[in-house]
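Here is how the chains run, residue by residue.
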Amino acid sequence: MQLGVIGLGRMGLIVVDRLMEAGHNVVAYDLDESTVERVAEAGATPADSVTDLAEKLGEEKRIWLMVPAGKAVDATLADLDPHLGSEDIVVDGGNSHFQRSVERSEATEAAYLDCGTSGGPASAEAGFSLMVGGPQWAYDELVPALDAIATGRAGHDRMGPSGAGHYVKMVHNGVEYALMQTYGEGFELLAEGRYDLDLESVARTWNNGAVIRSWLLELCEEAFREEGVDLGDVDDYVAGGSTGTWTVQEALEQEIALPLIYQALSERFGSRAPDEGRFSRRLANRLRYGFGRHEVARRE
Ligand SMILES: NC(=O)C1=CN([C@@H]2O[C@H](COP(=O)(O)OP(=O)(O)OC[C@H]3O[C@@H](n4cnc5c(N)ncnc54)[C@H](O)[C@@H]3O)[C@@H](O)[C@H]2O)C=CC1
Ligand SMILES: O=C(CO)[C@H](O)[C@H](O)COP(=O)(O)O
């Protein structure tokens, strides 16, 4: 099978490598020419624009987008649009909002698959988990490519109609936030608590047979091994947040209580408070003086 891949960053390069390893032909494009040259050396056909990629694909285009969510997806689709017909398939493998994916599927003549991709760059060897939404015929048509990009046949499935793939991935990320938060809290208590513990040893022991073993826990073990059990100079600032925000927004709209995911998102935002301290905590400190004449703790 021949596929066009647009977006050759951390994830797109893996998509290209895995497709080519499985014997598929790839036409590749990225705004960054040096990455295009790199994949061309590895055997992909280079394209110097979206139009060039579309022309090189010929009839029945199958195109995988792995660009950042948002404007880059819209810009790419706008360039692709004049070249697309109803027999063509476009997959968005990035973290797009599911409603934007539904809108995009309605705006293009091609069959549009929204594909949640999990595993991250660390899964280059093993393959990804792919959650696909969109027309059944387009999913069926792409099974050989999905087999290659995913861990295999069990690593992908069609979740439902348009939007369902990115919807499932959005919820996956909410779960990811909550799991990270709960491992973080457990290890914080172990680090600050009453025993002098080797957290790498704890993580390794838990990863071998414990109820709470998981890949994220293996990544905790790796972090302690590589950074030291006190995490060295790792800052207490957690970036990201868009997919978790969407999960919480959707839960509010559906009136479904997700306190753990909300709390994990909130802690992430809280981590970004300026160094001089959280404003809310400073105000609470002053208000206790206001109503109770309690002493105000002041900065040095
Ligand atoms: N990194 C991760 O752990 C995961 C990322 N994703 C999603 O996959 C998508 C890609 O992520 P990464 O590979 O990590 O990003 P990245 O920043 O490493 O790579 C993005 C690539 O897209 C290219 N690009 C940007 N705009 C373009 C355009 N208009 N036309 C052509 N190329 C363009 C950039 O030059 C860059 O090479 C994002 O939606 C991300 O949220 C999904 C799962 C995991
Ligand atoms: O989808 C992912 C993992 O599953 C990406 O790593 C994503 O960037 C994680 O979300 P955030 O940036 O909000 O932490």
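Basis of the calculations
- Residues numbered from 1 in each chain as written.
- Chains lettered and ligands numbered in written order.
- Predicted model: local features only at pLDDT ≥ 70, side-chain atom pairs only at ≥ 80, totals over all residues.
- Heavy atoms only, no water.
- Core = buried A, V, L, I, M, F, W, Y, C linked by side-chain atoms within 4.5 Å.
- Buried < 20%, exposed > 50% of the residue type's maximum accessible area, 1.4 Å probe, protein only.
- Helix = DSSP H or I, 4+ residues; strand = E, 2+ residues; numbered from the N terminus.
- Contact = heavy atoms within 4.5 Å.
- UniProt positions renumbered as here; feature names shortened; annotations may be inferred.
- Pairing = 2+ DSSP bridges.
- Axes fitted to C-alpha atoms, helices over the stretch in contact; angles between N-to-C directions.
- Phe/Tyr/Trp six-rings, centres within 6.5 Å; stacked < 30°, edge-to-face > 60°.
- Lys NZ or Arg CZ within 6 Å of the ring centre and 35° of its normal.

1. Section: the nonpolar core
Formed by 34 residues in total, the largest nonpolar core has its most connected members in Val 5, Leu 8, Val 15, Leu 19, Val 26, Trp 64 and Leu 130. Elements represented by at least two residues in this core include exactly strand E1 (2-6), helix H1 (12-21), strand E2 (25-29), helix H2 (33-41), strand E5 (89-92), strand E6 (111-118), strand E7 (129-133) and helix H6 (136-149). Considering each element in turn, this core owes the most residues, 8 residues, to H6. Dropping the residues within four chain positions of it, Val 15 is found in contact with Val 5, Trp 64, Met 66, Phe 128 and Ile 149.

2. Regarding the UniProt feature "binding site: NAD(+)" (unreviewed entry) in the protein
The positions that UniProt labels "binding site: NAD(+)" (unreviewed entry) are, in the present scheme, Gly 7, Leu 8, Gly 9, Arg 10, Met 11, Gly 12, Val 67, Pro 68, Ala 69 and Asn 95. Topologically, Met 11 is positioned in the loop between E1 and H1. When sequence neighbours within four positions are dropped, the list of residues in contact with Met 11 reads Met 66, Thr 117, Gly 120, Pro 121 and Phe 128. Among the structural elements, Val 67 can be located in the loop between strand E4 (62-65) and helix H4 (71-80). The class for Val 67 is buried, based on a relative accessible area of 13%.

3. With respect to the sheet that holds E7
Here we have 8 strands laid out as an open sheet, ordered E3-E2-E1-E4-E5-E6-E7-E8, and mixed in their pairing. Of all the strands in the sheet, just strand E3 (45-46) and strand E8 (156-160) have a single pairing partner and so form its edges. Note that E1 and E4 share 3 bridges and pair parallel. Counted as the bridge partner of Val 5 is Trp 64 from E4. Seen against the sheet, helix H5 (residues 98-107) touches E5 and E6 and runs at an angle of roughly 155° to E6.

4. Quick look at the packing of aromatic side chains
All chains considered together, the criterion is met by 3 aromatic pairs. Three or more aromatic residues link up through ring pairs in this structure, and these residues are Phe 187, Trp 206 and Phe 224. Sitting over the ring of Tyr 177, Arg 268 keeps its end group 3.7 Å from the ring centre.

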